[in-house]
Each structure stands twice: as structure tokens, then as C-alpha cells.
Amino acid sequence: MTSATSASASASDREHAPTRAGLLAFARAAAADAALVASLPLDSDGRTWLRLDGPGGSEAWLIGWPPGTGTGWHDHGGSHGAFVTASGLLTEDALAARIPTEGWRTLELAEGVDRQRLLTPGRGRAFGPHHVHQVLNSTARHAVSVHAYYPPLPLMRRYSRSGDVLRLEQTERPEEW
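Here goes a summary of the coordinates provided. What you see as residue numbers is a count from 1 along each chain, following the sequence as written. Residue-level local features of this predicted model are given only where pLDDT is at least 70; pairs of side-chain atoms are given and counted only at 80 or more, and the full residue set underlies all totals for whole chains, interfaces and linings. Hydrogens and waters are ignored; side-chain quantities use all the structure's heavy atoms.

A word on the overall build of the chain
The helix and strand tally for the chain stands at three helices and twelve strands. Atoms considered for the radius of gyration are the C-alpha atoms alone. The globule rule reads 2.2 Å times the number of residues to the power 0.38. Relative to its length of 177 residues, the chain is compact, with a C-alpha radius of gyration of 17 Å against a globular reference of 16 Å. For the chain, the spread of C-alpha atoms along the three principal axes comes to 55 × 45 × 30 Å. Within the chain, the proportion of its 177 residues that are buried is 42%. Relative to all contacts within the chain whose residues are 6 or more apart in sequence, the contacts with residues 24 or more apart total 76%. Secondary structure elements are taken from DSSP: a helix is a run of H or I of four residues or more, a strand is a run of E of two residues or more, and numbering for both begins at the N terminus. Whether a residue is buried, partly exposed or exposed follows from its accessible area with a 1.4 Å probe, protein chains only, as a fraction of its type maximum: under 20%, in between, or over 50%, in that order. Here, residues are in contact when the closest pair of their heavy atoms is within 4.5 Å.

Now the structure itself:
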């Protein structure tokens, strides 16, 4: 393939790439598919997941959340995405601030950046490439959700949080999941 053809293919891929709204619509439709949701094996000891075919080359997952489980603070390596609760109740804690992705290990957060959403079945949200959040199942029963990302996750950065201090702890690549 010539470089001109490569550039055209890349431009074409971007033209047909799923939007945040498209990812959210996909996640809602998948979350409403009772047979798909029922196909996920649930484990009381840890999260379970199935990879799904997302729209337009996106990466998608059906995830089971036992009571008391969560993701910890993380981002999606520059991908935009969406997720929807299919069953149960999930809580999303997010930062309403654009967090720089490079050049820091510890960051003091401004006052008032915390947001919390309770996501009941059918509810979800789309997010941009700088989104930092954690998702939790703090209830006594399993929850299931659908997540979609574009481009497919190149990495995830994991953070710890103590008060207003966010600390970069680890960068994970897909081969480590």
C-alpha cells in the first residue's frame, strides 16, 4: 500500500468512525437485549466479561459486576466511549475537568470537580477522550453493563485518589488485561 493510499484509508476510517452518540446508541441497544445480557456468566468472586462486536471498528464489552466491585479511578487512553447499565445499579464517580494525560504523576484537583451518577437499567452516558472516572457496584446484587470505545483502547491509565490528590499509578496495555 502506498503512503497516499494509507492516508486515504485513515481519512476514510475517521469519516466512518462511530461518534459518542453512536456508541451510546449501541450500548443502549445491547443493554436492552435480554438474551445477550443473560448469556453473560456471573461470578460472585469477580467481574466477568464478554467481548462484543461494536459499531464501526469500536471495542465493546458486556461486563458483570458482583456486589462490592469496581474499577478504581482510570481513563481510556484517549478513546471516547459510552456505557449503559443493563441490570442492577452502578455508580459512576467522575471528574468534571480535563485531566492532562502526560507530564505528571501527582495532580491536585480543583474544588467542585467531582460528579456522581447513579445508573439504573437503561441509563448510561457517553464521554470524551479525557474522561477520568471509576464505576462501582455498591449494592447487594449483581449488575451488568455494556461499554463501547473508539478507537479500541490503546491503553488505560490507573490512578489512586486521596482527597483532592490524584496520582498516576500504572499504565496498562491491552495485552495485560
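What to know about the packing of aromatic side chains
Between the rings of Phe, Tyr and Trp (Trp by its six-membered ring), a pair exists once the centres lie within 6.5 Å; its type follows the angle of the planes, with under 30 degrees stacked, over 60 edge-to-face, and the other angles tilted. On inspection of all chains with the given rule, the structure shows two aromatic pairs. Here Trp-104 and Tyr-159 contribute two aromatic rings whose centre-to-centre distance is 5.7 Å and whose plane-to-plane angle is 5 degrees, an arrangement assigned as stacked. Highlighted residues: Trp-104 in the loop between strand 5 (90-95) and strand 6 (106-108) and Tyr-159 in strand 11 (residues 156-162), separated in sequence by 55 residues. Between the aromatic rings of Phe-127 and Tyr-149, the centroid separation amounts to 6.4 Å while the plane-to-plane angle is 55 degrees, which identifies the pairing as tilted. Within this pair, whereas Phe-127 is found in strand 8 (residues 124-127), its partner Tyr-149 is found in strand 10 (residues 143-150), the two being separated by 22 residues in sequence. Here, over-ring charges are defined by two tests on the NZ atom of lysine or the CZ atom of arginine: distance to the ring centre within 6 Å, and angle to the ring normal within 35 degrees. Across from the ring centre of Trp-65, 4.8 Å away, lies the NZ or CZ of Arg-47, which sits over that ring.

Digging into the pairing of strand 2 (residues 59-65)
Summarising burial for strand 2: seven of the seven residues are buried, a large majority. Burial along strand 2 is two-sided: Glu-59, Trp-61, Ile-63 and Trp-65 facing one way and Ala-60, Leu-62 and Gly-64 facing the other are all buried. Two strands form a pair only when DSSP identifies at least two bridges running between them. Of the strand pairs in this sheet, strand 1 (residues 48-53) and strand 2 are connected by six bridges, and their pairing is antiparallel. The partner of Thr-48 across the bridge, within strand 2, is Gly-64. Taking the residues that link successive antiparallel strands as the turn, the strand 1-strand 2 hairpin has five residues, and the phi of Gly-56 there is positive, at about 55 degrees. Here strand 2 runs beside strand 10; their pairing, made up of seven bridges, is antiparallel. Paired with Leu-62 across the two strands is Val-146, which belongs to strand 10.

Spatial relationships are all this shows, so hold off on functional conclusions.
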